[in-house]
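# Architecture at a glance
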Amino acid sequence: MVWFRVGSGVGFVAKHAIRRSLCQGGSYATRTRVLPSQNRYFHTTVLKSKAQAAPVPHPVPLSRLTDSFLDGTSSVYLEELQRAWEADPNSVDESWDNFFRNFVGQAATSPGISGQTIQESMRLLLLVRAYQVNGHMKAKLDPLGLEERETPDDLDPALYGFTEADLDREFFIGVWRMSGFLSENRPVQTLRSILTRLEQSYCGSIGYEYMHIADREQCNWLRDKIETPTHRQYNQQRREVILDRLIWSTQFENFLATKWTAAKRFGLEGGETLIPGMKEMFDRAADLGVESIVIGMSHRGRLNVLGNVVRKPLRQIFSEFSVGTKPVDEVGLYTGTGDVKYHLGTSYDRPTRGGRRIHLSLVANPSHLEAVDPVVVGKTRAKQYYSNDVNRTKNMGVLIHGDGSFAGQGVVYETLHLSALPNYTTGGTIHIVVNNQVAFTTDPTAGRSSQYCTDVAKALNAPIFHVNGDDMEAVVHVCELAAEWRQTFHSDVVVDIVCYRRFGHNEIDEPSFTQPKMYKVIRNHPSALDIYQKKLLELGQTTQEDIDRIQNKVNTILNEEFLASKAYVPNRRDWLSAYWAGFKSPEQISRVRNTGVKPEILKSVGKAITSLPENFKAHRAVKKIFEQRSQMIETGEGIDWAVGEALAFATLLVEGNHVRLSGQDVERGTFSHRHSVVHDQETGEKYCPLDHVIMNQNEEMFTVSNSSLSEFGVLGFELGYSMENPNALILWEAQFGDFANGAQVIFDQFLSSGESKWLRQTGLVVLLPHGYDGQGPEHSSARLERFLQMSDDNPYVIPEMDPTLRKQIQECNWQVVNVTTPANYFHVLRRQIHREFRKPLIVMSPKNLLRHKECKSNLSEFDDVQGHPGFDKQGTRFKRLIKDQNDHSDLEEGIRRLVLCSGKVYYELDEQRKKVKADDVAICRVEQLCPFPYDLAMRELKRYPNAEIVWCQEEPMNMGAYNYVLPRLHTAMKELGRGTVEDIKYVGRAPSAATATGFITVHVKEQAELVEKALQPEPVNYPF
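Throughout what follows, the structure given in this document is the object of discussion. (Residues numbered from 1 in each chain as written. Predicted model: local features only at pLDDT ≥ 70, side-chain atom pairs only at ≥ 80, totals over all residues. Heavy atoms only, no water.)

### As for the overall build of the protein chain
Operational definition: A run of DSSP states H or I qualifies as a helix once it reaches four residues; a run of E qualifies as a strand once it reaches two. Both are numbered from the N-terminal end. Partly exposed residues are those whose accessible area sits between 20% and 50% of the maximum for their type, while under 20% is buried and over 50% is exposed, using a 1.4 Å probe and protein chains only. Note on contacts: a residue pair qualifies if any of its non-hydrogen atoms lie within 4.5 Å across the two residues. Where accessible areas are quoted, they stem from the Shrake-Rupley method and a 1.4 Å probe; at the residue level, only the protein chains shown are allowed to cover.
Counting secondary structure elements, the protein chain contains 31 helices and 28 strands. Per-residue burial for the protein chain yields a buried fraction of 59% across its 1024 residues. Contacts in the protein chain between residues at least 24 apart in sequence constitute 80% of all its contacts with a sequence separation of at least 6. As presented, the protein chain carries roughly 40,600 Å² of accessible surface, and 50% of it is formed by carbon and sulfur atoms.

Shown next as structure tokens:
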């Protein structure tokens, strides 16, 4: 074994070592090695010494020994002992007492150990630490052998003054309260045995990175697992299981390649060891108490995971390749648009090697790499809530990444940083990186700035296990170790399987265009199965007959499933989990339910949500707000937005539903309106009134939580959370609606189209503050037009609108509302739960209406009492359109103009109407824009047969609801014979690139002009 650099002169090396180790420290410098183009895979960091002569060693303080490569950890390693010695010299071993005395210039020699030997012991300890820190740099990780990594200087014994002649000398390394290598009661060892153990532990097929972790207990636990006295070995029985799993993984890909040569399948060739690794990981996790695993991954290897790990029927996978047959007719069948086979998910209860059963679910995902990460974590957290998994040990998330995407996609970082937040943690996620050493066509040198693709995980203090993907047993070992870490420390861990991609990005891609030398090596490289079979044959732990028997068995099953796939018809819907049983698909009629609540319940919960504990010292302004809220409930008048929302939450809690609200600053509310969590001004103690609505309320039953400053990650998390159980109101609120586009991928790929693509419903509510009040282009618009443009209702067809048959909302992909009263907000939130299906709800939530004197509701509008305001023929429920409030009859021929609008502009129009006494103008509010309320719009058109039709909005013409409403309103008018599209007049801002002006004076002028124009005596010109 080569430990010393070739050609190093002993005298020079010794002097160099003394200079580097014991004097003046060093400085980091980053050196990017210029390698041949095909080999530029790693970015190395080495220590660069200061240019100076090597002085003669002399006593220096121990703190000066902390050479840079230790990354600040030597204080933990050595100075703790020094502090103990300084407090009581008798508390340490005699040899170390002597060492410290010698080292600080107070030598009192003791027989047997000279001052020089103690100096060498010190250097030896630094060498051990160097292997723990940088041993991974010398590990043999690349199965292709293309990497050319320079061994760090820190791992050269010569750097510490040792020579070949020292290999069989014994050295004192101390007795430490440490785990692993230094835990054995062998303070005296030869340099050769020490180096051999270090090389075996840190420089084999696994590279361990864990010394960035500050927690000593965690580092010791890992050292105990890594620095074992002997090399790891699996018995024959285990090896047979591993071999069987590797054959399944390999043969599956070979079979698909044979049957569908030209099909895209994003196969796992080159990374087949992932499958046995995952299976062993799941078996070990099950042994440690895990009952359910949620998996997220992109397309590479997904079919193999589906078939071999999650156990999706092979005939179904083969059927999707052949024809992708839609299911046969069922009652209420909804097939949606479907998706490509390598995006689909499934779930299965899988038996484990240890005789247990574990539930696996693979979440459906788009081609947007890593977008599924927060969805998986949110779903896992929800599973933990519903299974009362308070210790977070029964439900676990596993995310499988690509090397390019793990380093390159920002949502990875956003998701990682949710891992330790109290209301987002899942007790640790296991991350597996299938490291192809190339992205689509991009080399790592062009794809990341860091040495490893996994370096981003160091921000979390997560251990990282790099492993050579061709070493089957090493892959199994780190996968099991990851499961043990997660169940022990309940935090994230990363397994980086360094492998390769035998074909291109997909099977019909030509990788030699961009990586010719790499693929020249790959073409002649044996598969992981060939390598493992050869190893077992050489060890005599299997025979060629055994291998042939397993391969024949696998091939027989694959062929049988292939034949069965030709007649396969999926007649049982792969529908939602057990919690969703009985929920209606878009093709089944769901009765519209009332959302009013009994008055006595409203009063009871109203008292709970407006009361603070007796001795609680709230801020005086907050205390006044709660006193005003209490008065609202007492009198039943003037209910504002925040109280209306709290009543919706509280009444749902009383009915046994889980309510969760998260987002940036949601506890107080961006606009200081919600105050769902109140802080004691003296003690800092928190109090949440909604946690005390019912007796012995589960502390998580109502959850309100400020989130990290993330849109993509947090919205994805809440989406995943909402998909687990329908009996919960899950809400995400943007700080301002303008910022929601930071999560555009979640809106586009999941929320707007998930049900259609993957048959997965969600009732997630998204609150997006929206409204023009002079705050500039980044604080005015939630981009209402984008959500409406993604709506899938047909603008030229009026759907069935009979109240008993109406499926309009069920057949639409989501709902978009711009609500203007607290009572209507209350009812739209409750409507999300009081129905037999689930749809996403996008709310353009208000800003200045939160405190607007006219934006109030009476408590009677929230109840279900006949005769009270809001109670109509069907009972009390959400109003999709609010008619003019001037008590008009069913036919008003004298009204000259009907102004239709949505949102807070209504209050400005109404104020102007009163000001100019325009009693011949009617103003109706479209509260639900999507799906469009054709029946109610037509009712108002009939009511005002002679009225000019105007659509009024605050947004520019190319934004807001205008382009969505225009064709739908025209369809309604056409049905009634009310004219052409030119008879719909527009009042609002002119088309604009920016959402709003940044000048307050311009805003005020524009706003006044559009309000005045909507009510002007003369007709409005077309189009505006």
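### Here's the deal with the sheet that holds strand 24 (residues 897-901)
Note the following rule: When DSSP finds at least two bridges between two strands, those strands are taken to pair.
What the five strands build is an open sheet, ordered 23-25-24-27-28; its pairing is mixed. This sheet does not close on itself; its edge strands, each paired only once, are strand 23 (881-882) and strand 28 (984-989). Bridging between strand 24 and strand 25 (residues 921-926) involves five bridges; their strand directions are parallel. For Leu 900, the partnering residue across the bridge sits in strand 25 and is Cys 924.

### A closer look at the environment of Val 1011
With respect to the secondary-structure elements, Val 1011 resides in helix 31 (residues 1000-1014). Taking relative accessible area as the criterion, Val 1011 reaches 6% and is therefore assigned buried. The spatial distance from the C-alpha of Val 1011 to the C-alpha of Asp 910 is 9.3 Å, given a sequence separation of 101 residues. For Val 1011, the residues in contact, after removing those within four places along its chain, are Glu 908, Leu 909 and Gln 912.

### Structural notes on the nonpolar core
Filter applied, for reference: For this analysis, a nonpolar core means a set of buried residues of the types Ala, Val, Leu, Ile, Met, Phe, Trp, Tyr and Cys, connected via side-chain atoms within 4.5 Å.
By size, the foremost hydrophobic cluster in this structure holds 140 residues, and its most contacted members are Leu 647, Leu 690, Phe 747, Leu 768 and Ile 842. Tallying contributions element by element places helix 21 (residues 641-654) first for this core, with nine residues. Ranked by size, the runner-up nonpolar core spans 95 residues in total, among them Ile 213, Ile 295, Ala 474 and Val 478.

### Things to note about the side chain of Asn 436
This is how the line gets drawn: In protein, a polar contact requires one atom able to donate a hydrogen and another able to accept it; more generally it is a pair of N or O atoms within 3.5 Å, and residues adjacent in sequence count only if both atoms are side-chain atoms.
Looking at where Asn 436 falls in the secondary structure, it is placed in the loop between strand 10 (429-435) and helix 14 (444-447). Only 2.8 Å separates the side chain of Asn 436 from the side chain of Arg 300, close enough to count as a polar contact. In this structure Asn 436 touches Arg 300, Asp 403, Cys 499, Tyr 500, Arg 501 and Met 518, once residues within four positions along its chain are discounted.

### Comments concerning the environment of Glu 667
Inspection of the secondary structure assignment puts Glu 667 in the loop between strand 13 (658-663) and strand 14 (678-679). The spatial distance from the C-alpha of Glu 667 to the C-alpha of Val 677 is 5.5 Å, given a sequence separation of 10 residues. Setting aside residues no more than four positions away along its own chain, Glu 667 makes contact with Arg 674, His 675, Ser 676, Val 677, Val 704, Ser 705 and Asn 706.

### Notes on the pattern of salt bridges
As a reminder, the rule being used: Think of a salt bridge as a Lys or Arg side-chain nitrogen and an Asp or Glu carboxyl oxygen that are within 4 Å of each other.
Tallying each qualifying case throughout the model produces 49 salt bridges. Salt-bridge contacts for Arg 549 lead to Asp 546; the nearest nitrogen and oxygen are separated by 3.6 Å. With Arg 549 and Asp 546 both in helix 18 (residues 544-565) and three residues apart, the pair spans about one turn of that helix. Accessibility expressed as a relative area gives 52% for Arg 549, which makes it exposed. What makes Asp 546 partly exposed here is its relative accessible area of 26%. Between Asp 910 and Arg 913 there is a salt bridge, and its shortest N-O distance comes to 2.9 Å. In this pair, Asp 910 and Arg 913 are both assigned in helix 28 (residues 905-916), three residues apart and thus about one turn of the helix distant. For the pair formed by Asp 910 and Arg 913, the shared burial category is buried.

### Things to note about the environment of Arg 502
Within the secondary structure, Arg 502 sits in the loop between strand 12 (493-498) and helix 16 (516-523). The sequence separation of Arg 502 and Leu 268 amounts to 234 residues, and the corresponding C-alpha distance is 8.3 Å. What Arg 502 contacts, discounting residues up to four positions off in sequence, is Glu 269, Gly 270, Tyr 519, Ile 522, His 525, Pro 526 and Ser 527. Separated by 2.8 Å, the side chains of Arg 502 and Tyr 500 make a polar contact. Separated by 2.9 Å, the side chain of Arg 502 and the backbone oxygen of His 525 make a polar contact.

### With respect to the packing of helix 17 (residues 528-539) against helix 18
What counts, and what does not: Axis geometry follows a simple rule: fit a line to the C-alpha atoms, using only the stretch in contact for helices, then measure angles between N-to-C directions, giving values from 0 to 180 degrees. Side-chain classes are defined by residue name, with Ala, Val, Leu, Ile, Met, Phe, Trp, Tyr, Cys and Pro counting as nonpolar, Asp, Glu, Lys and Arg as charged, and the others, Gly among them, as polar.
In contact at an axis separation of 10 Å, helix 17 and helix 18 are set at 145 degrees when each is read in the N-to-C sense. In this structure, helix 17 uses Leu 529, Gln 533 and Leu 537 to contact helix 18, whose residues at the interface are Gln 544, Ile 547 and Gln 551. In the contact of helix 17 with helix 18, the residues fall into three nonpolar, three polar and no charged.

### A few points about the packing of aromatic side chains
What counts is decided by this rule: Note on ring pairs: Phe, Tyr and Trp rings are taken, using the six-membered ring of Trp, and paired if centres are within 6.5 Å. Classes follow the plane angle, with under 30 degrees stacked, over 60 edge-to-face and the rest tilted. The criterion for a charge sitting over a ring is simple: Lys NZ or Arg CZ within 6 Å of the ring centre, and within 35 degrees of the ring normal.
Going through the model one piece at a time under the given rule, you end up with 25 aromatic pairs. Between Phe 255 and Phe 318, the aromatic rings sit 5.2 Å apart at their centres with planes inclined by 35 degrees, giving tilted as the arrangement. Note that Phe 255 is positioned in helix 7 (residues 236-259) and Phe 318 in helix 10 (residues 314-322), a separation of 63 residues in sequence. Looking at Phe 255, the relative accessible area reads 8%, which means it is buried. Plain terms: the ring middles of Tyr 385 and Tyr 386 are 5.0 Å apart, the flat faces sit at 80 degrees to each other, and that makes the pair edge-to-face. Taken together through their ring pairs, the aromatic side chains of Tyr 202, Tyr 208, Tyr 210 and Phe 465 make up a single cluster. Here the basic side chain of Arg 629 rests over the ring of Phe 626, its NZ or CZ set 5.1 Å away from the ring centre.

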